[in-house]
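Residues per chain, in single letters:
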Amino acid sequence: MKLSDVAIDRPVFTTMVTIAACVLGILALDRLTIDLFPKFNLPIVVVTTPYPGASPEEVEAQVTRPIEEAIASISNVDQVRSWSRESASTVLVQFEIETEMRQGSSDVRDAVSLIRGKLPRDVREPVVARMDPTAFPVLAYTVSSTRSPLATRRIVEDDVQP
């Protein structure tokens, strides 16, 4: 027997199965939770190190490379990226997906603290932070106008922002 034969020969059974499926679907839909920003952790840790007055070349040679070398020995590291710009170094450490982020950020913090003495004296304390996607703004606006910047700012602050 085919499914179509059962549906034609027993219309009441077919109707009841369809109604039962619809009722179960409505009950499931009512209990379904929807979150605009679901909670998830990106396996990323960022190390930012200020080095006031240093050129990008100095920052790379004296700050970024030692930090990268220290981080390279940490387990479960998937990728290390770095940016050296004037007066600051940023090192982004991406871990494998299954890595426990508390342990990963702790390992990075420990590795950076071990080489802290090898960094130049003028370097400020490195900041180790986990990437939190819920900390990013939901929406950002940009305003442009043919008016002066001061007039545009007043309009935005007085009329648009409230």
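So, how was this worked out
- Residues numbered from 1 in each chain as written.
- Predicted model: local features only at pLDDT ≥ 70, side-chain atom pairs only at ≥ 80, totals over all residues.
- Heavy atoms only, no water.
- Patch = residues over 30% accessible without salt bridge, like charges linked within 9 Å, V, L, I, M, F, W, Y side chains within 5 Å.
- Areas by Shrake-Rupley, 256 points an atom, 1.4 Å probe, with all protein chains shown as cover.
- Salt bridge = Lys/Arg side-chain N within 4 Å of Asp/Glu carboxyl O.
- Helix = DSSP H or I, 4+ residues; strand = E, 2+ residues; numbered from the N terminus.
- Buried < 20%, exposed > 50% of the residue type's maximum accessible area, 1.4 Å probe, protein only.
- Pairing = 2+ DSSP bridges.
- Core = buried A, V, L, I, M, F, W, Y, C linked by side-chain atoms within 4.5 Å.
- Contact = heavy atoms within 4.5 Å.
- Axes fitted to C-alpha atoms, helices over the stretch in contact; angles between N-to-C directions.

> What is the right way to read a nonpolar patch on the surface from this model?
Residues Val12, Met16, Ile19, Val23, Leu24 and Leu27 make up a contiguous nonpolar surface patch of about 590 Å² in total accessible area. Checked against the element boundaries, leucine 27 lands in helix 2 (residues 11-31).

> Where do I start with the pairing of strand 3 (residues 88-95) in this structure?
When a strand is regular, its side chains alternate between the sheet's two faces. Where burial is concerned, most of strand 3 is hidden: seven out of the eight residues are buried. Examined bridge by bridge, strand 2 (residues 77-85) and strand 3 share eight bridges and lie antiparallel to one another. Bridge assignment links tryptophan 83 to a residue of strand 3, and that residue is threonine 90. Between strand 2 and strand 3, which pair antiparallel and follow one another directly, the connecting turn spans two residues, one of which, serine 87, has a positive phi of 70 degrees.

> In this structure, what is going on with the environment of arginine 121? I would like to understand it.
In this structure, arginine 121 sits in the loop between helix 4 (101-114) and strand 4 (127-130). Taking the relative accessible area as the measure of exposure, arginine 121 reaches 83% and is therefore exposed. The spacing of arginine 121 and serine 4 is 117 residues in sequence and 81 Å in space, taken between C-alpha atoms.

> What exactly am I supposed to notice about the environment of valine 12 here?
Considering the arrangement of structural elements, one finds valine 12 in helix 2. On the accessibility criterion, valine 12 (61% relative accessible area) is exposed. The sequence separation of valine 12 and threonine 90 amounts to 78 residues, and the corresponding C-alpha distance is 68 Å.

> Please explain the nonpolar core as it appears in this structure.
In a soluble, globular protein the nonpolar side chains are often hidden away together inside. The biggest cluster of nonpolar side chains holds 21 residues, and the ones touching the most others in it are Val47, Ile67, Ile71, Phe95 and Val108. For this core, the elements supplying multiple residues, two or more each, are strand 1 (44-50), helix 3 (56-72), strand 3 and helix 4. Element by element, the count of residues in this core is highest for helix 3, at five residues. Excluding residues within four positions of it along the chain, isoleucine 71 makes contact with Val47, Val77, Val80, Val91, Val93 and Val108.

> Just to check I follow, could you spell out the sheet that holds strand 3 for this structure?
In a beta sheet, neighbouring strands are held together by backbone hydrogen bonds and run either parallel or antiparallel to one another. On the basis of which strands lie adjacent, the open sheet formed by four strands has the order 2-3-1-4 and antiparallel pairing. Looking along the sheet, the strands with just one partner apiece sit at the ends: strand 2 and strand 4. Geometrically, the sheet is characterised by an average inter-axis angle of 15 degrees between neighbouring strands, direction not taken into account. Running at roughly 165 degrees to strand 2, helix 3 makes contact with strand 1, strand 2 and strand 3 of the sheet.

> Which parts of the structure should I look at to understand the side chain of threonine 49?
Residue position: threonine 49 is located in strand 1. The exposure class assigned to threonine 49 is buried, which follows from its relative accessible area of 0%. With sequence-adjacent residues up to four places away left out, threonine 49 is seen in contact with Val63, Ile67, Ser87, Ala88, Ser89, Val123, Arg124 and Pro126.

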